[in-house]
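Descriptive analysis of the structure
One letter stands for each residue in the lines below.
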Amino acid sequence: MTLTFSLSVLPDDRGNGDLTFEESKTHFTAWALMKSPLLIGTDLPSITSESLEILTNKEIIAISQDPVVGTGVTPFRWGINPDWTLNASYPAQYWSGKSQNGTVFMLLNFFDEPADMFFSLTESPWIRAGRQYSVRDLWAHTNNGTAVRNFTAKAVPPHGVAALLLQDAGDEPGGIYPPCAVIEWCMAPNGTRLHLSGEEYVRTLWELPSEPEILVDVGVDAVRGGGGVVGESVSITGPSALS
């Protein structure tokens, strides 16, 4: 395997200016996950421990050198700016791509403060609706639980990056409302479309096969179990059997 990369925090790399440790991680991650050639252009005997830590991240390099998938990550959402716009100061922040071991996500924080970076899983074309995914942090080298429908990378450092590997962990749990990740795709087993208009969610034969339609006010941020909403009450109108 040939590893080639020019890391700009090193003293003999003059092409990119002086970068902080977090900026250097971002720089390396972007080159690696876009499957660009990686070239070490420095005096190895004088390399710093921080630079060596970046250059020897085996999990990032494994994505770069994936022998099965040769395509790099691509944007699925811009972030601060409208999607598919050109802005040199704030380019796309949310990227994803395939790998032989799962779906890779790269989240870039271009701001001067830490940021929580949220995304819905199915915004990435490589994620299947109705599935849950285990989350691996490729820089912290930790397993960060299971993502269902969405994920938030907490406190991404200023000018820093979150690099994640999501692997299919089976069907998503039951009892989640609305019953599908993208409301426009919601269909009951009998072929009836499920509707969401503002804060009104019409439940059809999906939950109650023997009953007519039930109107449930679930707001926007629905949570698992019972159709409840964080910090809000739920009102139900329909057959008296529900009371």
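An unreviewed UniProt entry annotates the chain as alpha-galactosidase originating from Bondarzewia mesenterica. Looking at the chain in UniProt, the text filed under Catalytic activity (unreviewed entry) is "Hydrolysis of terminal, non-reducing alpha-D-galactose residues in alpha-D-galactosides, including galactose oligosaccharides, galactomannans and galactolipids." Checking UniProt for the chain, the heading Sequence similarities (unreviewed entry) contains the comment "Belongs to the glycosyl hydrolase 27 family."

Per the secondary structure count, the chain includes three helices and 12 strands. With 243 residues in all, the chain has 41% of them scored as buried. Once local pairs closer than 6 in sequence are excluded, the contacts in the chain between residues at least 24 apart make up 59%. Accessible surface, the chain: about 12,900 Å² in total, of which carbon and sulfur atoms supply 54%.

A few words now on unusual backbone geometry. Even without being a glycine, tryptophan 84 presents a positive backbone phi close to 65 degrees. For tryptophan 84, a relative accessible area of 61% puts it in the exposed group. Notably, arginine 149 is not glycine yet its phi reads approximately 75 degrees, a positive angle. Checked against the element boundaries, arginine 149 lands in the loop between strand 6 (142-148) and strand 7 (150-156).

About the thresholds
- By convention here, each chain's residues receive numbers from 1 onward along its written sequence.
- Only residues with pLDDT of at least 70 are given local features in this predicted model, and only at 80 or more are side-chain atom pairs given and counted; all residues enter the totals for whole chains, interfaces and linings.
- Here the side-chain values reflect all heavy atoms present in the structure, with hydrogen atoms and water set aside.
- UniProt positions are given in the numbering used here, feature names are shortened, and annotations may be inferred rather than shown by experiment.
- Going along the chain from the N terminus, every DSSP run of H or I of four or more residues is numbered as a helix, and every run of E of two or more is numbered as a strand.
- Burial classes follow relative accessibility: with a 1.4 Å probe on protein chains only, a residue under 20% of its type's maximum area counts as buried, one over 50% as exposed, and anything between as partly exposed.
- Throughout, a contact is declared for two residues whenever any of their heavy atoms are within 4.5 Å.
- Each accessible area is a Shrake-Rupley estimate made with a 1.4 Å probe; only the visible protein chains count as cover when residues are assessed.

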